Amino acid sequence: TQLLEQSPQFLSIQEGENLTVYCNSSSVFSSLQWYRQEPGEGPVLLVTVVTGGEVKKLKRLTFQFGDARKDSSLHITAAQPGDTGLYLCAANTNAGKSTFGDGTTLTVKP
Amino acid sequence: DVKVTQSSRYLVKRTGEKVFLECVQDMDHENMFWYRQDPGLGLRLIYFSYDVKMKEKGDIPEGYSVSREKKERFSLILESASTNQTSMYLCASSPPGVRYGYTFGSGTRLTVV
């Protein structure tokens, strides 16, 4: 089972600040997803990245897949309290299974 | 709105009981998965299925079984519930392959006393 490390584990910031969270592995992946999970709910898919070096934007969220397809980052600009939640990355192998990271718990204070 | 529906949000069961967790999806997805989520341990795959009547063990299948008699329904069975099976259980579905990501249900918070 490939290890997927997310950092930081916890992040607490003020509304309006920018932040970046990371997802790293020593393995190469065919694709990678980012999810957000709110307390008491299931994870919700935000984005899938497939190509090394790919950058995708979703409003104030920017996702990047590393050139070597071993790592990814999520950058949030001008964070809002509604961004609060657990951010999970999931990396996929050609065998058709996903490995989840342990997540970054983000708290955005008003 | 596409959905994965888990039959219960909260369950409390006694040690030794047989427990059924039901999951239904309306997206005609081939793949379905059961995960448990625990603080500090992340999401761990219990069982998955790529087709009707097909099942494969995930990373932590001990103490669990599954049933997939219809494409839209994937059931997780705890044969004899134990306190260490207290957890958040998440069902997910996806089209063939993993590049499209999963659609998760809202989860079932199971407490075994």
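Use the structure listed above.
Residues numbered from 1 in each chain as written. Chains lettered and ligands numbered in written order. Predicted model: local features only at pLDDT ≥ 70, side-chain atom pairs only at ≥ 80, totals over all residues. Heavy atoms only, no water.

Student: Looking at this structure, how should I read the state of the cysteines?
Tutor: Simply put, the disulfide is a covalent bond whose two ends are the sulfur atoms of two cysteines. All names here are of chain A. Considering all chains together, one arrives at two disulfides over all chains under this definition. Sulfur-sulfur distance for the disulfide between Cys 23 and Cys 89 comes to 2.0 Å. Because the sign of the S-S torsion sets the handedness, a value of about 75° for the bond joining Cys 23 and Cys 89 places this disulfide among the right-handed ones. Within this pair, whereas Cys 23 is found in strand β3 (residues 19-24), its partner Cys 89 is found in strand β9 (residues 85-92), the two being separated by 66 residues in sequence. In this structure, Cys 23 and Cys 89 share a single accessibility class: buried. (Disulfide = S-S within 2.5 Å. Helix = DSSP H or I, 4+ residues; strand = E, 2+ residues; numbered from the N terminus. Buried < 20%, exposed > 50% of the residue type's maximum accessible area, 1.4 Å probe, protein only.)

Student: How should I be thinking about the environment of Ser 49 of chain B in this particular structure?
Tutor: Residue and element names in this part refer to chain B. Along the chain, Ser 49 falls in strand β6 (residues 42-49). Considered as a pair, Ser 49 and Ser 67 are 18 residues apart in the sequence and their alpha carbons are 9.1 Å apart. Residue contacts for Ser 49: discarding those within four places in its chain leaves Glu 30, Asn 31, Met 32, Met 54, Lys 55, Arg 68 and Phe 74. There is a polar contact of 2.8 Å between the side chain of Ser 49 and the backbone oxygen of Asp 51. (Contact = heavy atoms within 4.5 Å. Polar contact = N/O pair within 3.5 Å; in protein donor to acceptor, adjacent residues only side chain to side chain.)

Student: Is there a simple way to think about the pattern of salt bridges in this case?
Tutor: Residue and element names in this part refer to chain B. All told, the structure shown has ten salt bridges over all chains when counted by the stated rule. One salt bridge in this structure joins Lys 71 and Glu 30, with 3.5 Å as the shortest N-O distance. A residue pair is termed long-range when its members are at least 10 positions apart, and Lys 71 in the loop between β8 (64-70) and β9 (73-78) and Glu 30 in the loop between β4 (23-25) and β5 (31-38) qualify at 41 residues. Residue Lys 71 is classed as partly exposed on the basis of its relative accessible area of 25%. (Salt bridge = Lys/Arg side-chain N within 4 Å of Asp/Glu carboxyl O.)

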